[in-house]
Structure formats: structure tokens, C-alpha cells
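Tertiary structure, described
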Amino acid sequence: MDFNMKKLASDAGIFFTRAVQFTEEKFGQAEKTELDAHFENLLARADSTKNWTEKILRQTEVLLQPNPSARVEEFLYEKLDRKVPSRVTNGELLAQYMADAASELGPTTPYGKTLIKVAEAEKQLGAAERDFIHTASISFLTPLRNFLEGDWKTISKERRLLQNRRLDLDACKARLKKAKAAEAKATTVPDFQETRPRNYILSASASALWNDEVDKELRVAQTEFDRQAEVTRLLLEGISSTHVNHLRCLHEFVKSQTTYYAQCYRHMLDLQKQLGRFPGTFVGTTEPASPPLSSTSPTTAAATMPVVPSVASLAPPGEASLCLEEVAPPASGTRKARVLYDYEAADSSELALLADELITVYSLPGMDPDWLIGERGNKKGKVPVTYLELLS
């Protein structure tokens, strides 16, 4: 083993010098080279980015996997560079229990048939959840984790190196200050009655040589500090690119979450309709509790949509049996309206709507204020007001 004693002694001396300088700065006994305001702002922004990225990453992991034991297991597999085993989602497990219960209790009974249908829907929800977790992990969690484990470690390393260069520079400044003070003292006219001329000459020469040596060390330390400060500055300015990348990943996360909830809504809506056709099932209404998503673009309908009660509960007595074909529009009071969301008609008395289309609407005496009569060509039916934007 090659053991370089000189290098070890040199490193120990440098470490001791830095420790002394750092300690004196903390006690206010030494001057400290301050960084410019722009550099300090870059450092603060980088620290803030790192801290919030860690918090967002941890909470997103909790959202995708609420079980802490499962998260620890996945973390260990990743550290060991092994593939994480496939895990059954809660929805899939519930679907299995319901299917087994239906088999044992009787798949031909109303309860058994309903259990089977609900089990199929829960299985679909579990599969959608699995796809969402996989997509979110790749498109959102992985870039955040790469920043913390890659770019941030590089930035931290260069910042520590910059701190060491600054300590070396300030230590050189302190030594130069002492050398100049010693030289000034040595060049003072001596008292020849008490001091030998020979000692005076030797002391002045030594002070001058020491001053020159320290001044040379200071120039080297200043050059290294400036070079390291520029390297660190470039890395810190790259945080802007990190923000752009994280913004793109955030859009991908929202897109995947929108798709996931759209799939869940579609599966549960289909299940509710199927249960409504079962004889002897206890369902209050088969209408959706919120507007169905467009089948052509599930991700564009992710905006907050109003809740529309069932038509049967809103229609006053006698209105449900009203024949709309026999209703003539009033002479005045008709308006144009733009459709905000797709709407699937629950029965023949309602008019199906497509987003962004224009229809004619009007109200009839005694109608529920949440509903209007809509006309499109030769088609006519009731439409919910919350799906419309009334135009002048």
C-alpha cells in the first residue's frame, strides 16, 4: 500500500487551516468573503427547489401507495436494483372476494348476480389504478427522483468545493494581513542601542520574503475561487431548466390522473346502468351523478362538472307525462345556448348534447328552473341548465 506521508500531512494542514478560519468566522474574529446578491438568490432558489421536490415526491409516493410497508419494500428492491414484484391492487382483491362470495352464495340469485357484476367493475378499477400508478411513476416520480439523486448531488458537491475554496482564500487574506503588519513593524527604524543592525536587516528581509510568498498564494487561491464560483453558478442557473422539465412532468401526471378518473367514472356508470336493469335491485336512479365524459376525448372533460340530479326527482307532477312534440315554442323568449359538456339523455324526454354545439332553448310555465326545453333541428327534449352557456 502506497502511503504518502507528505500528502497526508499537507491535507491535514489544509483541513486544520480551514477549520480555524471557519471557527473564527463563526465567532466574528475573521473576515469572510461574501458572494454577490445574484449568486445568493441562485443558492436560495436551488435550496427551495430541492426541499419542495422532496416533499412533492414523498407525498406523491403516499398517494400512489398508501401502505408504508409496501413503500419500504419497493424502496429496498430499487436500491438492490431488482424488479419490484407485481402487487394486487385493493380493487382487484375486493373483486376476487366478491366473485368468491357469489360462487358460494349462489351466482343465479339476485345478490349473486349483483356481486358478479360489481366484482367485474372493481377488477376494471383495479386494472385502471395499476396503469395509473405505472404511468405516474415513470412520467412524474422518476424525473423528480433523478433530479435529487443526480443533479442535486452534483450541485451539492460543487457547493462544498466552493466553500473550501472560499475558506482557503480568506485564510490567505488573513495571512497576508499578518505578513504586511510584520513587514511594517520590521521596517520601522530600530533603536540601535538595543537592537543589533544585523538582526534588523535579517528581520526585514524575512518579512519581505514572507509577504511575497503569501501574496503569491493569495493570487492562486483567488483564481481557484473564481473558477469554482463560475462552475457553481452555471450549475445553479441550470435550475431553470429543471423547473421546465418538472413542469412538463407535472402536465403528464395530470394527464394520467385525468385518464384514470375518467376510466373509473366510465366503469362505474356502466355498472350503475347494468344494475338498474336487474330485477329486484335497490337503486334509486340510473342517471349519472355527474356529467358523463366524452367518449372521444376522456382527458378533455376533466374540468370540474356540475352535479345534475335525476330528471324524475326534478320534474313536477304531471310534467313527466308531457308530450314534448305537442309543445310549441313561445312567440318570444327563445335563446341560443352553447353546450359546455357532452350529455347523454337518460330517457326519451331528454335531448342528448354534444360539447360546443349551439341549440335553441326556452322555458315553459311550471318547469323546474334547473331544466329547459332544447331544440336542435327537428329534435326536441329537456336539457339541464348547468350544461349550457346562455348566449345573448
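Provided above is the structure to which this section pertains.
Below: a short report on this structure.

Criteria and cut-off values
- Residues numbered from 1 in each chain as written.
- Predicted model: local features only at pLDDT ≥ 70, side-chain atom pairs only at ≥ 80, totals over all residues.
- Heavy atoms only, no water.
- Helix = DSSP H or I, 4+ residues; strand = E, 2+ residues; numbered from the N terminus.
- Contact = heavy atoms within 4.5 Å.
- Areas by Shrake-Rupley, 256 points an atom, 1.4 Å probe, with all protein chains shown as cover.
- Pairing = 2+ DSSP bridges.
- Axes fitted to C-alpha atoms, helices over the stretch in contact; angles between N-to-C directions.
- Patch = residues over 30% accessible without salt bridge, like charges linked within 9 Å, V, L, I, M, F, W, Y side chains within 5 Å.
- Salt bridge = Lys/Arg side-chain N within 4 Å of Asp/Glu carboxyl O.
- Core = buried A, V, L, I, M, F, W, Y, C linked by side-chain atoms within 4.5 Å.
- Buried < 20%, exposed > 50% of the residue type's maximum accessible area, 1.4 Å probe, protein only.
- Parallel < 35°, antiparallel > 145°, perpendicular 65-115°, else oblique.
- Left-handed = near helix turned anticlockwise from the far one by under 90°.
- Nonpolar A, V, L, I, M, F, W, Y, C, P; charged D, E, K, R; others polar.
- Expected span 1.5 Å × (residues − 1).
- Polar contact = N/O pair within 3.5 Å; in protein donor to acceptor, adjacent residues only side chain to side chain.

1. Comments concerning the overall build of the chain
Of regular secondary structure, the chain possesses 8 helices and 5 strands. Starting at the N terminus and ending at the C terminus, the chain contains elements arranged as α-α-α-α-α-α-α-α-β-β-β-β-β. Across the chain, contacts joining residues at least 24 apart in sequence account for 70% of those joining residues at least 6 apart. Put simply, the chain shows about 24,900 Å² of open surface, and 57% of that area lies on carbon and sulfur atoms.

2. Comments concerning the environment of Ala355
Mapped onto the secondary structure, Ala355 falls in the loop between β1 (335–339) and β2 (358–362). When the C-alpha atoms of Ala355 and Val339 are compared, they prove to be 5.1 Å apart, with 16 residues separating the residues in sequence. If sequence neighbours within four positions are ignored, Ala355 has contacts with Val339, Leu340, Tyr341 and Asp342.

3. A word on the sheet that holds β2
A sheet is described by the order of its strands in space; here 5 strands give the open sequence β4-β3-β2-β1-β5, paired in antiparallel fashion. Looking at which strands have only one partner, the edges of the open sheet turn out to be β4 (379–384) and β5 (388–390). Direction aside, neighbouring strands of the sheet carry axes that sit 40° apart on average. Here β1 pairs with β5 via 3 bridges, running antiparallel. Within β5, the residue paired with Val339 across the bridge is Leu388.

4. Some thoughts on a nonpolar patch on the surface
Taken together, the side chains of Val72, Phe75 and Leu76 define a hydrophobic patch exposed on the protein surface, amounting to about 290 Å² of accessible area. By the element assignment, Phe75 lies in helix α3 (residues 68–79).

5. Considering the nonpolar core
Within the largest apolar cluster, 32 residues are counted, with the highest numbers of intra-cluster contacts made by Phe132, Phe140 and Leu236. Elements with a contribution of two residues or more to this core: α2 (37–64), α5 (110–186), α6 (197–237) and α7 (239–276). It is α5 that contributes the most residues to this core, 15 residues altogether. Sequence-distant contacts of Leu236, that is, excluding residues within four places in its chain, are made with Phe39, Leu42, Leu43, Arg45, Ala46 and Ile155.

6. Remarks on the packing of α2 against α7
When two helices pack together, their arrangement is given by the angle between the helix axes and the distance between those axes. Here α2 crosses α7 at 20°, and the two axes come no closer than 12 Å. With respect to α7, the element α2 is oriented roughly parallel. The chirality of how α2 crosses α7 is left-handed. On α7, the residues touching Arg45, Ala46, Thr49, Thr53, Thr60 and Leu63 of α2 are Ile239, Ser240, His243, His246, Phe253 and Gln257. Tallied by class, residues from the contact of α2 with α7 come to 4 nonpolar, 7 polar and 1 charged.

7. Things to note about α2
Between its first and last C-alpha atoms α2 spans 40 Å; for 28 residues at 1.5 Å apiece the expected length is 40 Å, and the two agree. Listed in full, the buried residues belonging to α2 are Phe39, Leu42, Leu43, Ala46, Thr49, Thr53, Leu57, Thr60 and Leu64. Where α2 starts, the residue carrying a side-chain oxygen 3.2 Å from the main-chain nitrogen of His38 turns out to be Asp36.

8. Observations regarding the pattern of salt bridges
On inspection of all chains with the given rule, the structure shows 13 salt bridges. Where Asp36 meets Arg233, a salt bridge forms, and the shortest distance between an N and an O atom there is 3.2 Å. Placement of Asp36 in the loop between α1 (5–26) and α2 and of Arg233 in helix α6 is noted, with a sequence separation of 197 residues between them. Using a relative accessible area of 36% as the deciding quantity, one classes Asp36 as partly exposed. Taking the relative accessible area as the measure of exposure, Arg233 reaches 18% and is therefore buried. Here Glu92 ties to Arg130 by a salt bridge, and the two come within 2.5 Å at their closest N and O atoms. Of the two residues, Glu92 sits in helix α4 (residues 90–105) while Arg130 sits in helix α5, which places them 38 residues apart along the sequence. With a relative accessible area of 18%, Glu92 lands in the buried category. Through salt bridges with shared partners, one network takes in Arg58, Glu61 and Arg145.

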